[in-house]
Amino acid sequence: MSINPDALTQLVADARGGNGAALNALVAELADGVYGLALRMTANPADAEDATQEILLKAITHLGMFRGEASVRTWVYRIAVRHLVDRGRSRVEALALDFERFGEDLLDGLADPGGDAAEAEEVKLGCSLAMLTCLDREHRVAYILGEVFDLPNRVAATVVEVSEEVYRQRLSRARRQVEAFTRSYCGVVNERAPCRCDRRVARAIELGRVKRGALTLVGHPRSLATHVQEMESLHGAARLFRSHPDYAAPAKVAEEVKRLLANTDLAVLRDRR
């Protein structure tokens, strides 16, 4: 379970003071949240792992710039958003999907229900992550922060470094697009919509998006964090995206960051205000 904000701030102070154990604990504490954002922005676990390492290294080596004007997590999310918005395209983003093309892809190859429950769940998770890439990055990150992570508008606006009004407008536009699409196509959101996860299993296997016996997302490491969500009060699309597990960063991500930091002069972490 995540530690409280005061304890996290103390870890930052200790790490800046040269405490290597605190530095390692800080990396481990931040990894899951950064990875969860990166996975939803890139829609690909391998790209999310790479981005998470890059973001954590950037954040840790800039600890001397932390001012305490926002919480540690908000500060790190801000670094993460800048990085993810400016980063090269992920494997899924390279497909240049938009909602029209994505809808056509969903309807292509619908078959009789097949596969087991785990394979249908893998289709649902992979499909909904890919769906997010139909939004441009600014609207995608607004949707993820507001509709998936449930950050208050004020905090999310701080993370993306725009006014609260601009953030609300982006979130509203993203919601409208995602809701309209899922109501038209997604059987999880609208029982009258044509697409069903179990009807996409055979096609997903054929295309290599689902590998029997090696379900990437269903078998993904899970975070120990607990989030209580009032699912019944959410819009259909929000329920779909919040039904995803709390993805944890694979252990190798934090371990690689720690390995790279082991060769770093901790003096660079000191207060540079």
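Criteria and thresholds
Residues numbered from 1 in each chain as written. Predicted model: local features only at pLDDT ≥ 70, side-chain atom pairs only at ≥ 80, totals over all residues. Heavy atoms only, no water. Core = buried A, V, L, I, M, F, W, Y, C linked by side-chain atoms within 4.5 Å. Buried < 20%, exposed > 50% of the residue type's maximum accessible area, 1.4 Å probe, protein only. Helix = DSSP H or I, 4+ residues; strand = E, 2+ residues; numbered from the N terminus. Contact = heavy atoms within 4.5 Å. Phe/Tyr/Trp six-rings, centres within 6.5 Å; stacked < 30°, edge-to-face > 60°. Axes fitted to C-alpha atoms, helices over the stretch in contact; angles between N-to-C directions. Parallel < 35°, antiparallel > 145°, perpendicular 65-115°, else oblique. Nonpolar A, V, L, I, M, F, W, Y, C, P; charged D, E, K, R; others polar. Salt bridge = Lys/Arg side-chain N within 4 Å of Asp/Glu carboxyl O. 1 Å grid on protein atoms, 1.4 Å probe; cavity = no way out; pocket = protein on both sides within 12 Å on 5 of 7 lines; lining within 4 Å. Points joined across faces, edges and corners; volume = space filled by probe spheres on them.

**Student:** Explain the nonpolar core residue by residue, including any values.
**Tutor:** Judged by nonpolar contacts, the single largest core of 75 residues is most densely connected at Leu37, Tyr143 and Leu145. In terms of residue count, the dominant contributor to this core is helix α2 (residues 20-42) (12 residues). With sequence-adjacent residues up to four places away left out, Leu37 is seen in contact with Tyr77, Ala80, Val81, Leu84, Val141, Ile144, Leu145 and Phe149. Formed by 7 residues, the second largest nonpolar core is a distinct cluster that contains Val123, Val201, Val210 and Leu215.

**Student:** Could you give me a rundown of the packing of aromatic side chains, with the residues and numbers involved?
**Tutor:** Tallied over the entire structure, the rule returns 6 aromatic pairs. On the basis of an interplanar angle of 40 degrees and a centroid distance of 5.2 Å, the ring pair of Phe99 and Phe181 is categorised as tilted. Here Phe99 is found in helix α5 (residues 99-107), whereas its partner Phe181 is found in helix α9 (residues 164-185), with 82 residues between them in sequence. For Phe99, a relative accessible area of 15% translates into the label buried. On the basis of relative accessible area, Phe181 is assigned to the buried category, the value being 4%. Relative to Tyr185, the ring of Phe181 has its centre 4.7 Å away and its plane inclined at 25 degrees; by these criteria the two rings are stacked. Highlighted residues: Phe181 and Tyr185, both in helix α9, separated by 4 residues, approximately one helical turn.

**Student:** Any details on the packing of helix α7 (residues 137-148) against α9? Residues and values, ideally.
**Tutor:** Following both chains from N to C, one finds α7 and α9 inclined at 90 degrees, their axes separated by 8 Å at the closest point. It follows that α7 is roughly perpendicular to α9 by the angle criterion. Note on element contacts: α9 touches α7 through Tyr167, Arg170, Leu171, Arg173, Ala174, Arg175 and Val178, opposite Glu138, His139, Ala142, Tyr143, Leu145, Gly146 and Glu147. A breakdown of the residues in the contact of α7 with α9 according to their chemical character gives 7 nonpolar, 2 polar and 5 charged.

**Student:** Residues and numbers for the pattern of salt bridges, please.
**Tutor:** Going through the model one piece at a time under the given rule, you end up with 21 salt bridges. Two residues, Glu49 and Lys252, come together in a salt bridge whose shortest N-O distance is 3.4 Å. Taken together, the residues span a long stretch of sequence, with Glu49 in helix α3 (residues 45-60) and Lys252 in helix α12 (residues 251-261) at a distance of 203 residues. The buried category is assigned to Glu49, whose relative accessible area is 16%. As a salt-bridge pair, Arg209 and Asp105 come within 3.0 Å of each other at their nearest N and O atoms. A residue pair is termed long-range when its members are at least 10 positions apart, and Arg209 in the loop between α10 (197-206) and α11 (236-242) and Asp105 in helix α5 qualify at 104 residues. Assessed through its relative accessible area of 49%, Arg209 is described here as partly exposed.

**Student:** Any chance you could break down the environment of Gly103 for me, citing the residues and the numbers?
**Tutor:** Position of Gly103 among the secondary structure elements: in helix α5. According to the relative accessible area criterion, Gly103 is buried, its value standing at 0%. Non-local contacts of Gly103, meaning those with residues more than four positions away in its chain, are made with Phe181 and Tyr185.

**Student:** A description of empty space enclosed by the protein should follow, citing residues and the corresponding values.
**Tutor:** Scanning all chains against the criterion turns up 1 cavity of 30 Å³ or more. Taken as a whole, the largest cavity spans an internal volume of roughly 40 Å³. Contributing to the lining of the largest cavity are Met41, Thr42, Leu84, Arg87, Gly88, Ser90, Glu93, Arg137 and Arg140. Residue assignment for the lining of the largest cavity shows that the elements contributing at least two residues are α2 and α7.

**Student:** Describe the layout of surface pockets, and please don't skip the residues or the numbers.
**Tutor:** Computed from the structure, the second largest pocket encloses a volume of approximately 870 Å³. Together, 37 residues line the second largest pocket, and Val123, Gly126, Cys127, Ala130 and Arg209 are the ones closest to its centre. Looking at the lining of the second largest pocket, the elements that each hand over two or more residues are α5, α6 (117-132) and α10. For the lining of the second largest pocket, the element with the highest residue contribution is α6, accounting for 9 residues. When grouped by side-chain class, the residues that make up the lining of the second largest pocket number 22 nonpolar, 6 polar and 9 charged.

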